[in-house]
Amino acid sequence: QVQLVESGGGLVQPGGSLRLSCAVSKSIFSFINMGWYRQAPGKQRELVASITSSRSTNYADSVKGRFTISRDNAKNTVYLQMNSLKPEDTAVYYCNRVPSGSTWDWGQGTQVTVSS
């Protein structure tokens, strides 16, 4: 059973920044492609950023240039640096495997609220 523990969310004003972390309890973490997903109220969960085992990254158009995904294999942790936050970034953020059809059970997520 893989555990995913997301943290780092909070309330931030538009234009602000947050850094999310996700600890993964998987011994072969360094070989796994990971992603950050988000789900806003009333919307489907969407993938916003992904990083391969070789650290290639990909981003949804809505966050490109503002979000940066990274990983620390020694700590089994994946990060999401979010800058220039907008109200439409408000959502619960989750980490998990990619592609989306290969996900483990979801963690509790971390709430990000962008509001003045």
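Residues numbered from 1 in each chain as written. Predicted model: local features only at pLDDT ≥ 70, side-chain atom pairs only at ≥ 80, totals over all residues. Heavy atoms only, no water.

(A) Quick look at the pairing of strand β9 (residues 91-97). Most of β9 is tucked away, with 6 of its 7 residues classed as buried. Where β9 lies against strand β10 (residues 110-114), 3 bridges are found, and the strand directions are antiparallel. Considered in β10, the bridge of Tyr-93 is made with Thr-110. (Buried < 20%, exposed > 50% of the residue type's maximum accessible area, 1.4 Å probe, protein only. Helix = DSSP H or I, 4+ residues; strand = E, 2+ residues; numbered from the N terminus. Pairing = 2+ DSSP bridges.)

(B) Structural context of the pairing of strand β3 (residues 18-24). Of all 7 residues making up β3, 5 are buried, and the element is well covered by its neighbours. Direction of pairing for strand β1 (residues 4-7) relative to β3: antiparallel, over a ladder of 4 bridges. Paired with Ser-7 across the strands is Ser-21, a residue of β3.

(C) Looking closely at the sheet that holds strand β5 (residues 46-51). Across the sheet, which stays open at both edges, the 6 strands sit in the order β2-β10-β9-β4-β5-β6 with mixed pairing between neighbours. Both edges of this open sheet fall to β2 (10-12) and β6 (57-59), since each of them pairs with a single strand only. Averaged over neighbouring strand pairs, the angle between their axes works out to 25° when direction is ignored. (Axes fitted to C-alpha atoms, helices over the stretch in contact; angles between N-to-C directions.)

(D) View of the sheet that holds β3. One open sheet accounts for 4 strands, arranged β1-β3-β8-β7; its pairing is antiparallel. Because the sheet does not close on itself, it has two edges, and the strands there are β1 and β7 (67-72). Adjacent strand axes in the sheet meet at a mean angle of 15° when their direction is disregarded.

(E) Focus on the packing of aromatic side chains. Scanning the model with the defined rule gives 2 aromatic pairs in all. For the pair Tyr-37 and Trp-106, a centre-to-centre distance of 5.0 Å together with 90° between the ring planes defines the contact as edge-to-face. Taken together, the residues Tyr-37 in strand β4 (residues 34-39) and Trp-106 in the loop between β9 and β10 connect sequence positions 69 residues apart. Centroid distance Tyr-94 to Trp-106: 5.7 Å. Interplanar angle 75°. Geometry classified as edge-to-face. Pair noted here: Tyr-94 is in strand β9 and Trp-106 is in the loop between β9 and β10, with a separation of 12 residues, a long-range link. Residue Tyr-94 is classed as buried on the basis of its relative accessible area of 11%. Feature note: the residues Tyr-37, Tyr-94 and Trp-106 constitute an aromatic cluster, connected by ring pairs. (Phe/Tyr/Trp six-rings, centres within 6.5 Å; stacked < 30°, edge-to-face > 60°.)

Any functional reading would require information that these geometric values do not contain.
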